[in-house]
Amino acid sequence: MKRSKKLVSLMLAAATASMALAGCGSKTADTTATTAGGGAATEAQTEAGTKEAAAEFSYPMASGDKLTYWCELTSTVAANYANLGDTPFAKEWAKDTGVDVEYQHPPVGQTKQQFGLIMADGNLPDMMEYSWTADYPGGPEKAIKDGVIISLNDVFQKYCPNILKYLEENPDIDKMIKTDEGHYYVFPFIRGDEKLCNTIGLMLREDWLKELNMDVPTTIDEWHDVLTAFKEKKGATAPYTFEYTNPQYLDSNPFLFAFNSSRGFYLGDDGKAHFGAVEEGYKQYLTTMAQWYKEGLIDPDLASMGSDQVAAKMTNGQSGASMGQAGSRMGTWISAAVKTTPEYMLKAAPSPSLEKGARPEFGWIELPFSGRASVAITTSCKDVERAARLLDFAYGEAGHMMFNFGVEGESYTMENGYPTYTDLIMKNPDGLPVSQSMAAWFRGCYNGPLVQDVRYLEQYYTMDSQKETPEVWGAHNGKKHIMLPVTPTSDESKEFSTIMNEINTYRDEMTLKFIFGTESLDNFDTYVTNIKNMNLEEALDIENAALDRYNSR
Amino acid sequence: MNKEKSSFRYRAAKDWKRNRSLYLLVLPVLIFYIMFHYKPMYGAIIAFKDYTPRLGVNGSPWVGLENFNRFFKSIYFVRLIKNTILLSLYNLIFGFPAPIILALLLNEVRSKKFKSVAQTITYLPHFISLIVVTGMLTNFAMTSGLFNDIIVMLGGSRSALLQNPKLYRTIYVASSVWQEIGWSSIIYLSALAGVDSQLYEAAQIDGAGKWKQLLNVTMPAIAPTIIIMLILKIGGLMNMGYEKTILLYNPATYDTADIISSYVYRVGLLEQDWSYSTAIGLFNSVINFGLLIFANRLSKRYSETSLW
């Protein structure tokens, strides 16, 4: 009896001890056996390169090994397909290039974690679509040095006439997609027109404005009046709301830009990097927001707003103004709301300024190359030529059309030289929303290794209020101030991210406290001092050094 | 000859012969623990290294205590420790007795039907996915949500509950208790079922009422179960998972909500700083280990039950 009791106790003890250690154990599992398979690929690459000159080549390629391709499955595809390989787009791509591809996808919303696991496991797919520029710890140059991906300079020269031609014609893009050391590392996702970079902005209820006999607000003061009217006359309980939990919207916050500030780094008039969240403009922004919050003009639930909650408030009249994309937000809300409120209409409002009629100095615009959804070839890839030719296809003429419009005669027809989507896309017989039917046939409607064509957007925006958004939202000089895609050196990057992590956490926390009024704005100076004590200067030095290196690329 | 007989080898061989089937029986369990709990511990070494996946565990350069220093020097260190301890302490104080009380109450219920219905209802929430539970909580806690409707009915005023750092722990702990009370009570119910009914009869004859029976028969009978569960709980005290926290918190509530594991998640996993997150994890485990030993000592001193 005594003995068995002891045994039970012992086992329990073992279980507890291992439970206690599981916290670190589970994270570190599967970390062995990562070094194999690095060298073989580079040999294959140089060998294959000598065989064939770039000019004599034509698609499709002779059949060969299946390549593996890792990428996020975007929600508009995932709604109908479990794997990108099942879509008409992927089948057409395989047919045109002669390359069979096996697609691998991380679970939705877990791209970064899954990427980390793949890195730890060391068993790399041939091609990986990821934001290598920002999300590989240590930056893209380190990814090459770590032996994860290969430098593409030789590969471009040998097998990629299309992308070379494109880069020659667009030297500013060429500069963006290189590392400081001059290495190409990805087949980039590029927005081919400035209109494609102005996809986020303010919007508000046009029908309410008409009813209240008010104009679209262009200054902070006018916005105050409009929101007050929404609250008092239209009974909105949260006149202005937006997806505060989505960092994308915090970065593109037009009300903050109105005060010539930003929450992160921006490019000053002196050509140097500045950190917006410690400057006078940020204080003014906080003061205004705190005031609005107190007056009930801003959603009281701001901090926990996700896309569903915002959609609900925007369509049921609790809110009258918000911000977001013209497609996935404005369009979706309008079509959802007109079912119950036929007169419902949203209108885009420009990036606000402080003085009436002044062109805002700051505003949201995305860079043509943001680093997202760009494809690198890994060191595990045995047939680099095949992968390179597959990816280069999209940057050529035929590939460009296929990636942006799909298959001629099926998803689009040429009308007076303009690729026009067919009813298969615009009025899908199976009842798919346009965003989903588009995503099935081509990648230009979201992202990927391609140059996005503005003619897609012109047709994707079907409502008048959507069509005017690029003009309205682009009316500012924000392009001058957006931070370029610089990369710290691999030595600096760890220090940089350590510093910025602490600062960003503190900034996010204090920003909400200031807005909610739980922290008085008299303490703004203390807040600035605290951030400076977290070594902001050092981070700025690193950022500016990176900027210098970028400029001299 | 005699000496040899008492040697460990000899005894082990003899024991093996005699209890071969028992050893075989325990083998899969042992393998499981070695494979999935002891072998991975070796990976904890990366807490002392600057780990890069391509270089592997052995190939990564040694940095000593740098990762630990970084954590100790972080301005959030004190707050993280405080929040983790407080949150788990509240969870223990409110979450531990609740299932025991529920089990005792259910044990007294005479109607079988009522008992099983009550049991089912209380343990159903355990099966709801955490993401659904937090989704419900987020919506209920909004200014237009259910919780606020109730507050208004009771004469209060509306506010965004999940934006208030003072309420965060209450919401977190209360929802945990609600979700786990029924499920955790099962083990106590089974312990209660094992109590000899003769003991109750004897107590009744001695003139003990229901309350006296509870104190003098039921409680001593299930005390070993309670103590073992308590020690296990204390051993895992610092092991607060990040999932619920990252689903419930927002920058406005970092003050009370941000705990070690959510910090590790933000800094370590999202930034892929494996060495750093392992260092914090290891630090956490060492504290847990200390707590476990402490709890065991305590229980050994004041009662007869202990793990070893």
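Since we're looking at a predicted model, the values are computed, not measured.

Asks: Requested: an account of the sheet that holds strand S5 (residues 200-205) of chain A, with residues and values cited.
Replies: Residues and elements named next belong to chain A. Spatial ordering of the open sheet is given by S8-S5-S9, a layout of 3 strands whose pairing is antiparallel. The open sheet has two free edges, formed respectively by strand S8 (321-325) and strand S9 (346-349), since each of these has just one partner strand. Neighbour to neighbour, the strand axes of the sheet diverge by 40° on average, direction disregarded. Helix-sheet contacts for helix H12 (residues 220-233) involve S5, S8 and S9, and the interaxial angle to S5 is about 45°. Set on the sheet, helix H17 (residues 326-337) makes contact with S5, S8 and S9; between it and S8 the angle comes to about 130°.

Asks: Explain the interface of chain A and chain B to me, using residue names and the numbers behind them.
Replies: The interface is formed by 60 residues belonging to chain A together with 59 residues belonging to chain B. With both sides pooled, the region where chain A packs onto chain B buries about 5,000 Å², and carbon together with sulfur makes up 58% of that total. Inspection of the region where chain A meets chain B yields 4 salt bridges. Here Lys494(A) and Asp273(B) are joined by a salt bridge, their closest N and O atoms 3.8 Å apart. For the interface between chain A and chain B, the tally reads 12 residue pairs in polar contact (both at pLDDT 80 or more). Per-element accounting of the side of chain A that touches chain B gives the leading share, 16 residues, to helix H1 (residues 2-28) of chain A. Residues that form the side of chain A that touches chain B fall into these classes: 26 nonpolar, 22 polar and 12 charged.

Asks: Go over the pairing of S8(A), please, and point to the residues and values.
Replies: Residues and elements named next belong to chain A. Among the 5 residues of S8, 5 are classified as buried, and the element is accordingly described as predominantly covered. The pairing of S5 with S8 spans 5 bridges and is antiparallel. Note on S8: the bridge partner recorded for Met203 is Ser322.

Asks: Lay out the packing of aromatic side chains in plain terms, naming residues and giving numbers.
Replies: Here the structure, examined in full by the defined rule, presents 60 aromatic pairs over all chains. Between Phe57(A) and Tyr59(A) the ring centres are 4.9 Å apart and the planes differ by 85°, which places this aromatic pair in the edge-to-face class. Given the relative accessible area of 24%, Tyr59(A) is considered partly exposed. Grouping aromatic residues by their ring pairs yields a cluster made of Phe71(B), Phe72(B), Tyr76(B), Phe77(B), Tyr263(B), Tyr276(B) and Phe283(B). Directly above the ring of Tyr276(B) sits Arg70(B), whose terminal nitrogen or CZ lies 3.7 Å from the centroid.

Asks: I'd like a rundown of the domain arrangement of chain A, residues and numbers included.
Replies: Residues and elements named next belong to chain A. Partitioning chain A into structural domains gives domain 1 (39-194 + 369-452) and domain 2 (199-364 + 466-551). Of note, the centres of domain 1 and domain 2, computed from C-alpha atoms alone, are 32 Å apart. Listed by partner, the interface residues are 11 residues for domain 1 and 9 residues for domain 2. Taking both sides of the interface into account, the surface hidden between domain 1 and domain 2 amounts to around 930 Å²; carbon and sulfur atoms contribute 52%. Our enumeration of links across domain 1 and domain 2 arrives at 2 residue pairs in polar contact (both at pLDDT 80 or more). For the side of domain 1 that touches domain 2, the secondary-structure elements that each account for two or more residues are helix H7 (140-145) and helix H10 (171-176). Of the residues in the side of domain 1 that touches domain 2, the class split is 3 nonpolar, 2 polar and 6 charged.

Asks: Please give an account of the confidence of the model for chain B that cites residues and values.
Replies: Of all residues in chain B, 98% attain a pLDDT of 70 or more, and the chain-wide mean is 87. Interface confidence for the predicted complex, given as ipTM, is 0.80, next to a pTM of 0.81.

Asks: Could you give me a rundown of H12(A), with the residues and numbers involved?
Replies: Three or four residues apart is the spacing at which side chains of an α-helix point the same way, because the helix has 3.6 residues per turn. All names here are of chain A. In this model, H12 (14 residues) spans 20 Å end to end at C-alpha, consistent with the 20 Å of a helix rising 1.5 Å per residue. Buried within H12 are the following residues: Ile220, Trp223, Val226, Leu227, Thr228, Ala229 and Phe230. The inward-facing, buried residues of H12 abut S5, helix H11 (206-212), helix H14 (254-257), helix H15 (280-294), S8 and S9. Gly235 sits one or two positions beyond H12 and adopts a positive phi of about 70°.

Asks: An account of the domain arrangement of chain B is needed here, citing residue identities and associated values.
Replies: Under the domain assignment, chain B is made up of domain 1 (2-42) and domain 2 (65-302). Placing a centre on the C-alpha atoms of domain 1 of chain B and another on those of domain 2 of chain B gives a separation of 36 Å.

Asks: Before we move on, can you summarise the UniProt feature "transmembrane region" (unreviewed entry) in chain B with the specific residues and values?
Replies: Residue and element names in this part refer to chain B. Sites flagged by UniProt as "transmembrane region" (unreviewed entry) map to residues 21-38, 85-106, 127-151, 171-193, 214-232 and 274-295. Overall, residues 21-38 shows 100% helix and 0% strand. The separation of its end C-alpha atoms is 24 Å. Across residues 127-151 one finds 68% helix and 0% strand; the C-alpha atoms that close the span lie 28 Å apart.

How each quantity is defined
Residues numbered from 1 in each chain as written. Chains lettered and ligands numbered in written order. Predicted model: local features only at pLDDT ≥ 70, side-chain atom pairs only at ≥ 80, totals over all residues. Heavy atoms only, no water. Pairing = 2+ DSSP bridges. Helix = DSSP H or I, 4+ residues; strand = E, 2+ residues; numbered from the N terminus. Axes fitted to C-alpha atoms, helices over the stretch in contact; angles between N-to-C directions. Contact = heavy atoms within 4.5 Å. Buried area = accessible area lost by both parts, 1.4 Å probe. Salt bridge = Lys/Arg side-chain N within 4 Å of Asp/Glu carboxyl O. Polar contact = N/O pair within 3.5 Å; in protein donor to acceptor, adjacent residues only side chain to side chain. Nonpolar A, V, L, I, M, F, W, Y, C, P; charged D, E, K, R; others polar. Buried < 20%, exposed > 50% of the residue type's maximum accessible area, 1.4 Å probe, protein only. Phe/Tyr/Trp six-rings, centres within 6.5 Å; stacked < 30°, edge-to-face > 60°. Lys NZ or Arg CZ within 6 Å of the ring centre and 35° of its normal. Domains from an automatic or database assignment. pLDDT = per-residue confidence, 0-100. Expected span 1.5 Å × (residues − 1). UniProt positions renumbered as here; feature names shortened; annotations may be inferred.

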